[in-house]
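Chain by chain, the residues run as shown.
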Amino acid sequence: MTEIRATRAESTLAKTNAEGVRRKSLLRSIWKNRVLYLLLSPTIIGMIVFQYYPALTAFWGSFHSWDGRRARFVGLFNYEFFLEDPRLLQSWVNILLLLIFNVLSLSMPLLIAYLIYRLPNPTHRYWYRVLVVLPIIAPGFVFIVLWRWLFSLDGGINIILRSLGVDSQVVWLGNANTALGSIMFMGFPWIDAFTVLIFLAGFIAIPTEMLDAAAVDGASGWSRFFRIELPQVQGQIKVLVILTFIGTVQDFGRALFMTRGGPGYATMVPGLRMYNAFTQESAYGYASAIGVILFIVILVLTLINQRLIRSSES
Amino acid sequence: MRKSVLWLCIVVLLLSVGVVSAQEQTLTISFWGNVDEYEAGGSNNAAWEASYNLIKQWAEEKGVAVEFISQPIDGIYDRIRTQLISGTLPDVVAMYPANSFLNGNLDLLVDLTAYMSQPNPYGSFETWGDEFWYDQSVGLRDTAIPAGQVYFVGNSLPSNIGQLVIYYNNDIFTEQGLQVPTTLTELLTTCDTLKGAGITPMFNDGTGPFFGWYTLPIVEGMYAPITEKILAAWGAEDAPFAVTTEMLAWAVQNGVLSGSNEYVLEGARVMNELATRCWNSDWQAPDTSVDYFLTNRTAMTINGFWMLGLYGGSEEMTFDFGTFAFPVIDTESSPLATLPFARRWGGVEGGEIGNSYMIPATTEANGKLDLAIDLLQYLTARSTNDQWCATQPMPCIPPDQPVSEVVTDPAQQRELFGFYNPTMSNDLAIRGIGDPTPDGVLNRLFMTYNSGSITLEELGQQVQTEWERWAERAIIDNGWDTSAWPAAPAS
């Protein structure tokens, strides 16, 4: 009995010693790298204050009737209210359509990046790259104004159609049947400079030895692209698809600036419902609940996405 | 040596006192719109530009340093509300009063009621309250808004003005042999004539902030029997904006205001008639960079008094224009029309549409209340108001004086006609009924109905669902005691 006790005591002592050693070594390691930790701390503090704290506040707020000043606990009411929204299905369908379209439209920057990559002349390659990146300089507002005009009754698209002999009187953004499609069409030919650059970086990083070996094995044209080069930029595709998923579910800027979610509810998306609840109704609790739901949806979609891509890789 | 040190100390002390007192004599003002434009002069907003200059004049007279903080108009109420709650508003806020954003936060403002019975040092009357034009109690009630307490004071346009009118191209009207319509039937016929001549009758912007203002007079006109029921049940006095949000929630919960109500459905049908026969075909998404009326694309437009100065002073204006009030909905256009007049935006007194000012409670805590009160007294004294009036595109006309006595130029009379005729009264003023939802559910669904995607009955059903949801949440958010509500009226 005494032996057992002694053994236990020894084991506890050993554990305590081990913990003490670990703690000491951790503290020593922190002390040793104190400058790094010190330099990191403003960023971490900033993130806690400006990112984690608001997110946690939103989670708390989602269970309250909260007008920014007074909050009253209402349990799951805000969640129930959102989930029972008769417009919910339509806004998620809108998001789904935008999502499918945005993912598919990634093929355009992929194509452009590949074409630039295959240009034999480095000077030409440089200038094409500049050409693709240059529109970034224009403010986003100009983009919105331009597309609003293009879609207007006497705007660019109708002018083109009329010049082709089609008497187009379509109000692209003012018609429930064409508004969502018009928002998708915005930014045609959907060449996002950053996306092109990411793809281009991926193509450039492909080892020349691999391409030479493929050439020796007779790979050329489509087979070279699909069997050698495309698999090599899979990492980039994966990242961009995930970012597109997150971006599309979060985004409501286009709907807000182009149509305010209308006509009626034709271009309404959940993010805009959140924005309206916050800005027009001062319903911070309800807006928070929508935000939490969006967070969960994005998280789940990202996990599914990652799982799918991982299984396809294996 | 010692003496000079002593003198030096005295000088430093005096200078610091001077600096401290100079610091006390500063006032920050949150100002409506872009101050730089007012400073440059000739801005689009004569009313605020005049107020801006008056404040500068006061600052100069009093030796006070004033710092203006521009408040972009887009999202201004939301921003000011947030600043009010967080206690970060400047010392004085210059804005158009609105009650909705202040709900539940009035304790964060300085209650000016007690000051009203005291003299205004800049005034010429016994009390500050007397400085306001005409029946100051009504004028102030409109301005102050809640519970009879005064939280806002302002300059007033002393005349019975409806804010929104229809501007028309008089050249086109003369060319087509058209008269100013006095009933909705006449307006619709006017639209048909114009359309027949290949002219788009009327501009409307469904995406703009004034769309709700535009549709509300029609809704108010059609919903008159519902309004009567609500006011009767609550024992409320008939007045501008008399129907509160709580009353609307009660009306929805008790079936008084519902999507299946015949007046609600008829209101939508009438509006659809107007949209189809009169509005620009792209009304749901117009090219907002272009003023359709000014550029001769439409013969009419609906807009506020602020456009008078802009249209009148525009180099682009190539035609003679006039205004008329939105006409009465007659029984020929709708068998359910009950009102012999059209409801109008604007309070029954000028104060409602004048530029107004409020003082956040933080100003008192900062020891600047007296200075802020002094500014407000200066701005609203009758003599200063007259000075302010003199710079407006719309002259300040006492209600018992005919406009023609003040304005003799026939062209100017035509331009002002819609604002003064018919004379505004309690009967005409908007009383607050309509779509209670902040997101404008009725208008959103009306757009869907107008585009032919749903029928009138489906519109009613969808409106009903949305209103019920809104009422349910409004009760929870506001913590209203529904047991204290009046009983449901007998159907």
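Residues numbered from 1 in each chain as written. Chains lettered and ligands numbered in written order. Predicted model: local features only at pLDDT ≥ 70, side-chain atom pairs only at ≥ 80, totals over all residues. Heavy atoms only, no water.

Draft legend 1. Geometry of the overall build of chain B. The number of helices and strands found in chain B is 20 helices and nine strands. Out of the 491 residues belonging to chain B, those deemed buried represent 55%. Taking as baseline every contact in chain B between residues at least 6 positions apart, the subset at least 24 positions apart corresponds to 77%. Element-wise, carbon and sulfur atoms account for 53% of the exposed surface of chain B, whose accessible area totals about 20100 Å². (Helix = DSSP H or I, 4+ residues; strand = E, 2+ residues; numbered from the N terminus. Buried < 20%, exposed > 50% of the residue type's maximum accessible area, 1.4 Å probe, protein only. Contact = heavy atoms within 4.5 Å. Areas by Shrake-Rupley, 256 points an atom, 1.4 Å probe, with all protein chains shown as cover.)

Draft legend 2. Seen up close, the side chain of E266(B). Residues and elements named next belong to chain B. Looking at the element boundaries, E266 is found in helix α12 (residues 262–278). E266 gets classed as buried once you look at its relative accessible area, which sits at 9%. In this structure the side chain of E266 is engaged in a polar contact, spanning 2.6 Å, whose partner is the side chain of S334. Excluding its chain neighbours within four sequence positions, the residues that come into contact with E266 are M222, S333, S334, P335 and L336. (Polar contact = N/O pair within 3.5 Å; in protein donor to acceptor, adjacent residues only side chain to side chain.)

Draft legend 3. Looking closely at the state of the cysteines. Residues and elements named next belong to chain B. Taken as a whole, this structure holds two disulfides over all chains when the rule is applied. The disulfide bridge from C191 ends at C278, spanning 2.0 Å between sulfur atoms. Judged by the sign of its S-S torsion, about 105°, the cystine formed by C191 and C278 is right-handed. Taken together, the residues C191 in helix α8 (residues 184–196) and C278 in helix α12 connect sequence positions 87 residues apart. There is no split in this pair, since C191 and C278 are both buried. Cysteine pairing in chain B follows 1-2, 3-4, where each cysteine in a disulfide is numbered by its order in the sequence. (Disulfide = S-S within 2.5 Å.)

Draft legend 4. Representation of the sheet that holds strand β8 (residues 321–324) of chain B in the model. Residue and element names in this part refer to chain B. Taken together, the four strands give an open sheet; going across it, the order is β6-β7-β5-β8, and neighbouring strands pair in mixed fashion. Two strands in the sheet have a free side with no partner beyond their single neighbour: β6 (200–203) and β8. Averaged over all pairs of adjacent strands, the angle between their axes in this sheet comes to 25°, without regard to strand direction. Examined bridge by bridge, strand β5 (residues 164–169) and β8 share four bridges and lie antiparallel to one another. (Pairing = 2+ DSSP bridges. Axes fitted to C-alpha atoms, helices over the stretch in contact; angles between N-to-C directions.)

Draft legend 5. Representation of the nonpolar core in the model. If you look at the biggest cluster of nonpolar residues, it comprises 137 residues, and the most contacted ones within it are F203(A), L187(B), Y223(B), L274(B), W279(B) and M300(B). Broken down by element, this core gets its largest block of residues, nine residues, from α12(B). Setting aside residues no more than four positions away along its own chain, L187(B) makes contact with I166(B), P181(B), M202(B), L274(B), C278(B), M300(B), F324(B), F326(B) and P327(B). Counting 73 residues, the second-largest nonpolar core is a separate cluster that includes M95(B), L108(B), F152(B) and L375(B). (Core = buried A, V, L, I, M, F, W, Y, C linked by side-chain atoms within 4.5 Å.)

Draft legend 6. Main features of the packing of aromatic side chains. All chains considered together, the criterion is met by 57 aromatic pairs over all chains. With a centroid separation of 6.2 Å and 90° between ring planes, the pair formed by W234(B) and W250(B) is classed as edge-to-face. Residue W234(B) is found in helix α10 (residues 224–234), and its partner W250(B) is found in helix α11 (residues 245–253); the two are separated by 16 residues along the sequence. Over the ring of Y292(B) we find R297(B), and its NZ or CZ is 5.1 Å from the ring centre. Looking at R469(B), its charged tip hangs above the ring of F81(A), at a distance of 3.9 Å from the centre. (Phe/Tyr/Trp six-rings, centres within 6.5 Å; stacked < 30°, edge-to-face > 60°. Lys NZ or Arg CZ within 6 Å of the ring centre and 35° of its normal.)

Draft legend 7. Molecular detail of the sheet that holds strand β1 (residues 26–32) of chain B. Residues and elements named next belong to chain B. Judged by pairing direction, the sheet is mixed, and its five strands sit side by side in the order β2-β1-β3-β9-β4 without closing on themselves. The strands lining the two open edges of the sheet, one partner per strand, are β2 (65–71) and β4 (153–154). Across two bridges, β4 lies against strand β9 (residues 356–358) in antiparallel orientation. Paired with V153 across the strands is Y357, a residue of β9. On top of the sheet, helix α3 (residues 46–62) reaches β1, β2, β3 (92–95) and β9; it is set at about 175° to β1, its chief contact. The strands touched by helix α15 (residues 369–380) within the sheet are β1, β3, β4 and β9, with β1 carrying the most contacts at an inclination of about 50°.

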